[in-house]
Structure formats: C-alpha cells, structure tokens
Amino acid sequence: MEAPPVSVLPITGGTINMMEYLLQGSVLDQALESLLHRLRGLCDNMEPETFADHELVYLLKGQQGNPFLLRARRSLSHPTVPWHLRYLGQPEVGDKSRHALVRNCVDVAASHSLPDFLNEMGFRMDHEFIAKGHIFRKGVLKVVVSKLSRILVPGNTENTEPLSLSYLVELSVLAPAGQDTMSEDMRSFAEQLKPLVHLEKIDPKRHM
Amino acid sequence: MQQREEKLLEASVESLISRVAHLKNALHSFIYKLENEYERLTWPSVLDNFALLSGQLNTINKLLRNEKTPSFRQQVIIPLLLSPDRDEELAKLTEQRVPVFSHEIVPDHLRTKPDPEVEEQEKQLSAEAARIGPEVAQKQIQTLNKLCSNLLEKLNNPRDDRDAESAAIRQNKPSFNTADTNALVAAVGFGKGLSKCRPPGPVAPGHPGQGPMMSGGPTLQQVTIGGGSGQHQGMGPGAPQQQGQAGKMPSNIKTNIKAASSMHPYNR
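Residues numbered from 1 in each chain as written. Chains lettered and ligands numbered in written order. Predicted model: local features only at pLDDT ≥ 70, side-chain atom pairs only at ≥ 80, totals over all residues. Heavy atoms only, no water.

## Observations concerning the overall build of chain B
Part 1 of the argument: When helices and strands are counted, chain B shows 11 helices and 0 strands.
Part 2 of the argument: Ordering the α and β elements of chain B from the N terminus gives α-α-α-α-α-α-α-α-α-α-α.
Part 3 of the argument: For chain B, restricting intrachain contacts to residue pairs at least 6 apart in sequence, the fraction spanning at least 24 positions comes to 47%.
Part 4 of the argument: Of the roughly 20,300 Å² of accessible surface on chain B, a fraction of 57% belongs to carbon and sulfur atoms. (Helix = DSSP H or I, 4+ residues; strand = E, 2+ residues; numbered from the N terminus. Contact = heavy atoms within 4.5 Å. Areas by Shrake-Rupley, 256 points an atom, 1.4 Å probe, with all protein chains shown as cover.)

Structure representation (structure tokens):
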C-alpha cells in the first residue's frame, strides 16, 4: 500500500514533495580511517560529527499486500532531542540512466511518546537496530558512515552486536521533486571516493 | 652586434624578473591561505595551488631553456659602488628588502659559488664517482636508463593495461566487501537479519518473531490487524480521520471488528 500523494496528506498544508536521492556502499573496518581522512578533505570543513542512533521500524499490515512502513529514530547520544519519524516510498523506476536511487521522503519530528502512539495506532515494531558513526556534509550532499548493530535483547540498547565487519556508507540528498541535476553531482562525488568505496544505487528489492 | 646582444640580454632579464614576480606572488598568497584560512581549506584547492606553482616553475624553466636567451653564466656582475648609506631607489625596487647596497649584503646577493654545505656534498659525490671506476659507472648508467624507459613505457601506454595491473594489485587489499554491502543495505532496507532476538542469519523478512515484549507483533494466526483493532473497537469510527495516511485502513478495521471480538481484548 502506498501513501497517497502529499497534497492529500493532512499533516501540514502545502508541503513540498521531497525526494531522497541515495547512493550506498560499504567499507571494511580496516579501511575506515583512510575513508574518514578522505571525506574530511573533500567535505565542508567542520568539526567531525559522530552520532549514535537507535532506529525502530514500524509496520502496519493491511489486508492487501504490502505493509506500510514507518521509521522512528532517536539519538542515544542526545536523549532529550525529539524523535525523528520518516516515511520512505518505493524507489522511482524512472529512467535507468539516473545514477541514484530516488524515492519519496517525508520527515517529521516527534515527541518521546512516539512508540506508544504508533502502537496505539496499530503499528507493530518489526525490527530495530543501532547505527553509530560519522556524518559529513558537502553543500546539500550528506555522507553518513555508520556501523549497524543488532539489538540482542529487545529494549536493551546496551547489549548489541555488529551486523558485519563493514561500515555502511550512504550519500544522500533531500531535494524537491523534479530536480534531476542532483544525481550528476552525486555521481562525481562518488567518483572521488573510488577505489576506497564503490557508491552505487542498490535496489533493496533485489536482496529480498 | 653587441647592441643586439645587449638588447636581448635586457629583454630576457625583464621577462625572467616578471615570471619570478608571479611565482613570488603565488607563493605569498598560498602561504597566507595556509596560515590564516586553514580551517576552510579543502584538499582540492591545496592541489590547485601546488599545480599553479608547478606551472609557473615550468614556464621559468622553458624561458631559461629558450634558444633566444643568452647564457647568463657568461655574464659577470661587478659592484661598482658600495656605500653604507640608504639608497631609496634600491629600497623601492626590492620592496624594502635591500635598503643599503653595502659590503655586508654584496657577498650574499652576488655570490656565484654554491653554499659551503652544497660544495662539501659535491666534493663527496665527485670523489665517490672517481672511486668506483668507469665500468661500474657505465653499468649503473645503463640500469638507470632501463628503469626510466620502463617507467616511461608504463606511463605512456593506454589506460586499460594499467588498470588491469593495478586491479590485480588491489585484489590483495580490498577496502570494501560487496557481500557486506548487500547485507547492510538489506538490513537497513527491510530488516534482513534483524528480526527481534534471532541469532545471526537472514530471516524471512516481514515476519516478526514471537514472544518479545516490546515488539509484540501479531502472530500469524491473528492475521494482521485483527488483534490490534480488536483492542480499539471504540476508536474504530474515530480512526479514519486520524489515519489519514493509511487511506484504505478504516474499512478494514470496521469489517474486522466482528472477527476480533471473539478474542481476548488484551491479546495483542
């Protein structure tokens, strides 16, 4: 089930339809340092920003086919900061020559009663994970290097185990729908990170 | 004849001075940038500066190597007048760096012999060269020539050859693992391998595990929102407005209420 177009959503009147352009790759733990050095040189000069987030993915199962997915994220390093709720649509199957994965994206901030609210609405938490890593910015481009960890005991964020020996590297841009120039900029930035990381558009459906 | 040579000399000295002035300015601005704006400096712009300096050095070299340039080595500079007084014109010409043309600065500025350390090193090198004998020297020259020609060949050859070789070398130290990439993307995309309190290993996505308290996904028997909506029977009619996003949901809740009423209201 797909979310209806933004014009019908009652959240706020007249929001712009934001699309997320995404390229993903990974880097092994031993090559992390060189990647961070390279990113620090290429991206806007700012204090290196690390983050530790706990993401919960909620599903609302309909009678027909695809469940509706919402992602709720909270910061472990800043516990008082509001939760971040995100909806990501299906990747647009536009023209194959587009270099990045494009999908509809709706972001809202939420208070700390979000998990209870979602439970009351009928959503059920499907899975959760911890993401810890670094974030870099270059203009509108955002590069996130994160280590994903599995939560062994639900609710206990201390007891975690890393999913793999690699860090996930994601290059993303949030832009209003219709701006296709982004993918070119993303591709040239991705070129500069080779051969350390190969950022490419990976369709998650392929790995189901 | 002599006048032509003089004119040539003057012209080449002029152009050399202007090129060196450009180089000096480039160095000056680069050092300024490094010292004052290092927080905002990015690696590509540092590379640009170095490229600029290298280009300017190249033009100076080309100028010196030009056939029209007379050999500067054959010119001799003799100071005609030394005075301990401050010379304003000289100070202006040299941007206040040489205010006095006296006997203190002349040995430094007009020196033709290399520095004492450099002289020492040159002496050592020529002694070494004399020591090893002509055949050994010849062999060393040949090895150097062979290495240089190999390098030139590698650099001039088409890129594909180089890429194939370097790809082979890179195999030894890969910095990313494609399988890991796929696993991570699948985990972030739809929770493959992340099902609650499951041991490592990909689990069929979308099917929640049973038992754990926080998740409490409905079991397969209770099919989807049957359990959830049974809880919210009172909210059913009110839900359509709130669940604006899930447009089709309200109808499902209404129809399921009957089915769910048979279940315990606290069963999630």
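Still more to cover.
## Here we look at the overall build of chain A
Part 1 of the argument: Across its full length, chain A holds 3 helices and 9 strands.
Part 2 of the argument: Its helices and strands taken in sequence order, chain A reads β-α-β-β-β-β-α-β-β-β-β-α from the N to the C terminus.
Part 3 of the argument: Burial analysis of chain A (208 residues in total) assigns 50% to the buried set.
Part 4 of the argument: Counted over contacts in chain A with a minimum sequence separation of 6, partners at least 24 positions apart contribute 66%.
Part 5 of the argument: For chain A, the exposed surface amounts to about 9,900 Å²; the carbon and sulfur share of it is 55%. (Buried < 20%, exposed > 50% of the residue type's maximum accessible area, 1.4 Å probe, protein only.)

## With respect to the pattern of salt bridges
Residues and elements named next belong to chain A.
Part 1 of the argument: Using the criterion set out here, one finds 15 salt bridges over all chains in the structure.
Part 2 of the argument: Across the salt bridge formed by Asp 53 and Arg 73, the nearest N and O atoms sit 3.3 Å from each other. Taken together, the positions of Asp 53 in strand 2 (residues 49-60) and Arg 73 in strand 3 (residues 68-75) put the pair 20 residues apart, joining distant regions of the chain.
Part 3 of the argument: A residue is classified by how much of its surface remains accessible, and Arg 73, at 24% relative accessible area, is partly exposed. (Salt bridge = Lys/Arg side-chain N within 4 Å of Asp/Glu carboxyl O.)

## What to know about the packing of helix 1 (residues 32-42) of chain A against helix 3 (residues 182-193) of chain A
Residues and elements named next belong to chain A.
Part 1 of the argument: The interhelical angle for the contact between helix 1 and helix 3, taken along N-to-C directions, is 135 degrees, at an axis separation of 10 Å. With respect to their mutual orientation, helix 1 and helix 3 come out oblique. In this structure, helix 1 meets helix 3 at a crossing whose hand is right-handed. The residues of helix 3 that touch helix 1, namely those facing Leu 35, Arg 38, Leu 39 and Leu 42, are Phe 189, Gln 192 and Leu 193.
Part 2 of the argument: Looking at side-chain class alone, the contact of helix 1 with helix 3 contains 5 nonpolar, 1 polar and 1 charged residues. (Axes fitted to C-alpha atoms, helices over the stretch in contact; angles between N-to-C directions. Parallel < 35°, antiparallel > 145°, perpendicular 65-115°, else oblique. Left-handed = near helix turned anticlockwise from the far one by under 90°. Nonpolar A, V, L, I, M, F, W, Y, C, P; charged D, E, K, R; others polar.)

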